[in-house]
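Letter by letter, the chains look like this.
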Amino acid sequence: MVRNVAPELPDLDAEDFYLLSGVEQGMRFSEWVKREKLPEFSSLTPEEVEYRLERCLKRGLVEKKTIQYEGYTLQFEGYDTLALRALVERDVIGEFGSPLGVGKESDVYEVRSYKPLALKYHREGYTNFRKVAKERDYTSDREHVSWLYTARKAAEREFEILEALYPDVSVPRPIEQNRHAIVMEKMDGVELSRAKLDDDQVVGVLDMLLVELTRGYELGYIHADMSEYNIFVDEGGVTIFDWPQAVPTDHPNADEFLERDVTNLVGYFDRKYPNQLPEWDVPSIAAAVRSGTFDSVQTSQ
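Read on for an overview of the structure. Predicted model only: the values in this text are computed from it and were never measured.

### Overview of the overall build of the protein chain
Next up, step 1: What the protein chain contains, in helices and strands, is 9 helices and 13 strands.
Next up, step 2: Referenced to the eigenvectors of the C-alpha coordinate spread, the extents of the protein chain come out at roughly 70 × 40 × 30 Å.
Next up, step 3: The 301 residues of the protein chain split such that 50% are buried.
Next up, step 4: Residue pairs at least 24 apart in sequence account for 63% of intrachain contacts in the protein chain once pairs closer than 6 positions are excluded.
Next up, step 5: When the accessible area of the protein chain is evaluated, it comes to approximately 14,800 Å², of which 43% is carbon and sulfur surface.
Next up, step 6: Where the 36 positive side-chain charges of the protein chain centre and where its 57 negative ones centre are 6 Å apart.

Put into structure tokens, the structure is as follows:
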């Protein structure tokens with residue numbers, strides 16, 4: 001988990017952010033930004049750059065490398081700082097709270113404004129950049145692709161999809177996005193993997209999820225990574241989250257992705273709640289989702 005940078009914000013000067021933004025700009029062209037380029041990118045004097053570099057290095061916001069040349073790159077803490085400051089300045093975030101979840105490709109914190117919200121930092125590509133760059137189609141048209149670019153594009157993609165789906169599909173309400181960060185409504189309930197459903201709830205919850213997939217398909221998207229770990233359940237129903245890898249319904253492999261989502265969902269319920277589901281057939285259920293005629297796993301056979 002990347003360190004929480006919220007406590008750092010009050011101690012940073014405007015010039016520190018100029019320096020961080022300058023490194024960010026330079027990383028559009030190279031993973032390591034040459035020292036002599038930083039005055040140009042940050043609009044600071046060489047003397048000011050030197051002072052600000054020391055402050056940012058001390059706080060772990062940037063990293064230094066000296067091999068063929070002296071270069072600097074943002075740490076994720078530095079990128080978090082830039083995104084968080086922008087969201088605070090827009091009055092999207094007023095208070096910063098505790099972690100809500102940590103995953104391989106994101107960190108999520110509770111934040112507050114007019115109500116409790118969730119701040120999600122995308123981490124795609126940071127620990128396994130080559131794998132993510134290969135799998136995500138938004139990295140295919142650039143000569144230089146960094147983890148910074150990959151994480152930002154993932155956030156942009158997810159925010160765009162949430163805006164397209166909400167409120168017709170039960171997804172978190174999107175509030176704001178900056179760089180690799182998304183602010184959304186905080187979800188109520190518990191993760192499906194940790195929920196304990198009564199026997200008479202099993203088919204009903206699965207049906208609700210497949211109805212949400214049907215609505216998503218009607219709006220042009222397939223989640224493409226459905227599992228018990230990206231679903232929340234509560235007394236009011238279900239919420240599906242984590243959409244950056246979603247694909248449009250005209251994707252060449254759309255049928256494959258949809259059937260995999262259905263297999264993952266129905267298979268999970270079948271394993272955790274044996275003998276509670278009727279016999280099910282993935283192609284038939286997926287066909288009902290595609291046609292918008294899904295009613296229940298008991299009838300879509």
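### Here we look at the sheet that holds strand S1 (residues 33-34)
Next up, step 1: Read from one edge to the other, the open sheet built from 3 strands follows the order S1-S3-S2, with strand pairing classed as antiparallel. Looking at which strands have only one partner, the edges of the open sheet turn out to be S1 and strand S2 (62-66).
Next up, step 2: The pairing of S2 with strand S3 (residues 70-74) spans 5 bridges and is antiparallel. Bridge pairing in S3 links lysine 65 to glycine 71.

### Overview of the packing of aromatic side chains
Next up, step 1: Counted under the stated rule, the structure contains 8 aromatic pairs.
Next up, step 2: Ring centres of phenylalanine 232 and phenylalanine 241 lie 5.5 Å apart, and the angle between their planes is 75°; on these two criteria the pair is classed as edge-to-face. Phenylalanine 241 carries the same exposure label as phenylalanine 232, and that label is buried.
Next up, step 3: Aromatic side chains tyrosine 268 and phenylalanine 269 sit 5.6 Å apart centroid to centroid with 80° between the ring planes, which places their arrangement in the edge-to-face category.
Next up, step 4: On the basis of relative accessibility, which here comes to 7%, the residue tyrosine 268 falls in the buried class.
Next up, step 5: A cation over a ring is seen here: lysine 34 above tyrosine 69, with NZ or CZ 5.3 Å from the ring centre.
Next up, step 6: It is lysine 65 that lies over the ring of tyrosine 69; its NZ or CZ is 5.4 Å from the centre.

### Looking at the sheet that holds strand S4 (residues 95-102)
Next up, step 1: Pairing is antiparallel across the open sheet formed by 5 strands, whose spatial order is S4-S5-S6-S8-S7. Every other strand in the sheet has two partners, leaving S4 and strand S7 (174-178) as the edge strands with one partner each. Geometrically, the sheet is characterised by an average inter-axis angle of 25° between neighbouring strands, direction not taken into account.
Next up, step 2: Relative to strand S5 (residues 106-112), S4 runs antiparallel, the two sharing 5 bridges. Across the sheet, residue phenylalanine 96 finds its bridge partner in S5, namely valine 111.
Next up, step 3: Lying over the sheet, helix H6 (residues 147-165) contacts strand S6 (116-122), S7 and strand S8 (181-185), oriented at roughly 160° with respect to S7.

### Some thoughts on the layout of surface pockets
Remark: the empty space left among the atoms is shown by a probe the size of a water molecule rolled over them.
Next up, step 1: Taken as a whole, the second largest pocket holds about 230 Å³ of empty space.
Next up, step 2: Considering the residues around the second largest pocket, the lining is formed by 15 residues, among which Ser170, Val171, Pro172, Glu185 and Thr239 are closest to the centre.
Next up, step 3: In terms of residues, the lining of the second largest pocket owes the most to one element, strand S12 (residues 237-240), which gives 3 residues.
Next up, step 4: Considered class by class, the residues forming the lining of the second largest pocket number 7 nonpolar, 3 polar and 5 charged.
Next up, step 5: Built from parts of two domains, the lining of the second largest pocket gets at least three residues from each of domain 1 (6-184) and domain 2 (190-291).

### Topic: empty space enclosed by the protein
Next up, step 1: Counted under the stated rule, the structure contains 1 cavity of 30 Å³ or more.
Next up, step 2: Quantified by volume, the largest cavity comes out at close to 30 Å³.
Next up, step 3: Looking at the largest cavity, the residues that line it are Glu212, Leu213, Gly216, Tyr221, Ile222, His223, Trp243, Leu258 and Asp261.
Next up, step 4: Of all the secondary-structure elements, those providing two or more residues to the lining of the largest cavity are helix H7 (202-218), strand S10 (221-222) and helix H8 (254-272).
Next up, step 5: Considering every element that reaches the lining of the largest cavity, the biggest residue donor is H7, with 3 residues.
Next up, step 6: When its residues are assigned to classes, the lining of the largest cavity shows 5 nonpolar, 2 polar and 2 charged.

### Re helix H3 (residues 46-58)
Next up, step 1: Taking 1.5 Å of rise per residue, the 13 residues of H3 would be expected to cover 18 Å, and the 18 Å separating its terminal C-alpha atoms lies within 8% of that figure.
Next up, step 2: All of the buried residues along H3 are Val49, Arg52, Leu53, Arg55 and Cys56. One face of H3 carries all of its buried residues, which in axial projection span an arc of 165°. H3 presents Glu47, Glu54 and Lys58 as exposed residues on the side facing more than 90 degrees away from its buried surface.
Next up, step 3: Two residues or fewer after H3 comes glycine 60, characterised by a positive phi angle close to 70°.

The rules behind each value
- Residues numbered from 1 in each chain as written.
- Predicted model: local features only at pLDDT ≥ 70, side-chain atom pairs only at ≥ 80, totals over all residues.
- Heavy atoms only, no water.
- Helix = DSSP H or I, 4+ residues; strand = E, 2+ residues; numbered from the N terminus.
- Buried < 20%, exposed > 50% of the residue type's maximum accessible area, 1.4 Å probe, protein only.
- Contact = heavy atoms within 4.5 Å.
- Areas by Shrake-Rupley, 256 points an atom, 1.4 Å probe, with all protein chains shown as cover.
- Lys, Arg positive; Asp, Glu negative; His and termini not counted.
- Charge placed at Lys NZ, Arg CZ, Asp CG, Glu CD.
- Pairing = 2+ DSSP bridges.
- Phe/Tyr/Trp six-rings, centres within 6.5 Å; stacked < 30°, edge-to-face > 60°.
- Lys NZ or Arg CZ within 6 Å of the ring centre and 35° of its normal.
- Axes fitted to C-alpha atoms, helices over the stretch in contact; angles between N-to-C directions.
- 1 Å grid on protein atoms, 1.4 Å probe; cavity = no way out; pocket = protein on both sides within 12 Å on 5 of 7 lines; lining within 4 Å.
- Points joined across faces, edges and corners; volume = space filled by probe spheres on them.
- Nonpolar A, V, L, I, M, F, W, Y, C, P; charged D, E, K, R; others polar.
- Domains from an automatic or database assignment.
- Expected span 1.5 Å × (residues − 1).
- Arc of directions from axis to C-beta.

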